[in-house]
Amino acid sequence: MSLRINDVAPDFTAETTQGTIHFHEWIGDGWAILFSHPKDFTPVCTTELGTMAGLEGEFLKRGTKVLGLSVDPVSSHEKWALDIEQVEGHKVNYPMIGDPELKVAKLYNMLPADAGNTSEGRTPALNAAVRTVFIVGPDKRIKLQLVYPMTTGRNFQEILRALDSIQLTSRHKVSTRADWKVGDDVIIAGAVSNEEADKLFPGYKTIKPYLRTTAQPK
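The model shown is predicted, which means the values in this text are computed figures rather than measured ones. (Residues numbered from 1 in each chain as written. Predicted model: local features only at pLDDT ≥ 70, side-chain atom pairs only at ≥ 80, totals over all residues. Heavy atoms only, no water.)

Undergrad: Would you explain the sheet that holds strand β10 (residues 205-208) in this entry?
TA: Within the open sheet, the four strands sit side by side as β8-β9-β11-β10. Their pairing is antiparallel. Each edge of the sheet is formed by a strand with only one pairing partner; in this case those strands are β8 (174-175) and β10. Both strand β9 (residues 186-188) and strand β11 (residues 211-214) contribute to a ladder of two bridges, which runs antiparallel. Considered in β11, the bridge of Val-186 is made with Thr-214. (Pairing = 2+ DSSP bridges. Helix = DSSP H or I, 4+ residues; strand = E, 2+ residues; numbered from the N terminus.)

This is how it looks when you write it as structure tokens:
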């Protein structure tokens, strides 16, 4: 069965470049980004891991840990990390899961159950589906999934933007419009009555009876 928004992110224990982690325990009371890759030493993924390394501080400011995954062994990740730093100029300081038995990839429905039990001999094309970004909340539930083809590098500014929206809307009774960015007006949730909106968001604007906007809550 496919994973959906608000499903509990499957827990797992895995070896990483920073030792063994227990996923839910590792997340703790904060947020997490899990982003996966089909194979080490692939060109697009090299740029992605390096870009994320450069942005890790921005995620940490938002109380969000970063966790990479590739189906190759940890020993391969450690060698790959040197290339990543050379190419993108950022050292990879976040942990990278080694998944040589494809356990986590299967657990997250990125590979089918009959994909075998080893990464050895598998090409990037065979692992093409291992290209997903998951945002996981403090409640250990999946808040977002983004799946990219191998030929399209991920937009990490968009992932930051989405995280800002998800965190904001988890704290306040609002939604964010298309192309919203921090500081823009927001949409008052449909479940909020006009009477409640008068108290929560004084001075709000009614664009349509079903579309009311207000300044972004602090």
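Undergrad: Can you help me understand the nonpolar core in this one?
TA: Considering soluble globular proteins, one finds that nonpolar side chains tend to be buried as a cluster. Counting residues in hydrophobic clusters, the biggest one holds 25 residues, and the most contacted among them are Phe-12, Phe-23, Leu-67, Tyr-108 and Phe-134. With three residues, helix α1 (residues 23-27) is the single largest residue contributor to this core. Not counting residues within four places of it along the chain, the set of residues in contact with Phe-12 comprises Ile-21, His-22, Phe-23, Leu-67, Ile-97, Val-104, Leu-107 and Tyr-108. In terms of nonpolar packing, the next biggest core, distinct from the first, is built from 24 residues, Phe-59, Met-96, Ile-135 and Leu-163 among them. (Core = buried A, V, L, I, M, F, W, Y, C linked by side-chain atoms within 4.5 Å. Buried < 20%, exposed > 50% of the residue type's maximum accessible area, 1.4 Å probe, protein only. Contact = heavy atoms within 4.5 Å.)

Undergrad: I'm lost on the pattern of salt bridges in this one. Help?
TA: Where side chains of opposite charge bring their charged atoms close, a pairing between them can arise. This structure, assessed with the given rule, holds 11 salt bridges. The salt bridge partner of Glu-196 is Lys-173, with a shortest N-O separation of 2.7 Å. Within this pair, whereas Glu-196 is found in helix α6 (residues 194-200), its partner Lys-173 is found in the loop between α5 (156-171) and β8, the two being separated by 23 residues in sequence. With a shortest N-O distance of 3.7 Å, Asp-184 and Lys-181 are connected by a salt bridge. Beyond isolated ion pairs, a larger network of salt bridges with shared partners links Glu-58, Lys-61, Arg-62 and Asp-164. (Salt bridge = Lys/Arg side-chain N within 4 Å of Asp/Glu carboxyl O.)

Undergrad: How should the packing of helix α2 (residues 43-61) against α5 be read in this particular structure?
TA: Packed helices, taken two at a time, are described by the angle between their axes plus the distance between the axes. One way to put it is that α2 packs onto α5 with a least axis distance of 10 Å and a crossing angle of 30°. With respect to α5, the element α2 is oriented roughly parallel. For the pair α2 and α5, the sense of crossing is right-handed. On α5, the residues that touch Glu-48, Thr-51, Met-52, Leu-55, Glu-58 and Phe-59 of α2 are Phe-156, Gln-157, Ile-159, Leu-160 and Leu-163. Classifying every residue of the contact of α2 with α5 by side-chain character gives seven nonpolar, two polar and two charged. (Axes fitted to C-alpha atoms, helices over the stretch in contact; angles between N-to-C directions. Parallel < 35°, antiparallel > 145°, perpendicular 65-115°, else oblique. Left-handed = near helix turned anticlockwise from the far one by under 90°. Nonpolar A, V, L, I, M, F, W, Y, C, P; charged D, E, K, R; others polar.)

Everything listed is a geometric property; what it means functionally is a separate question.
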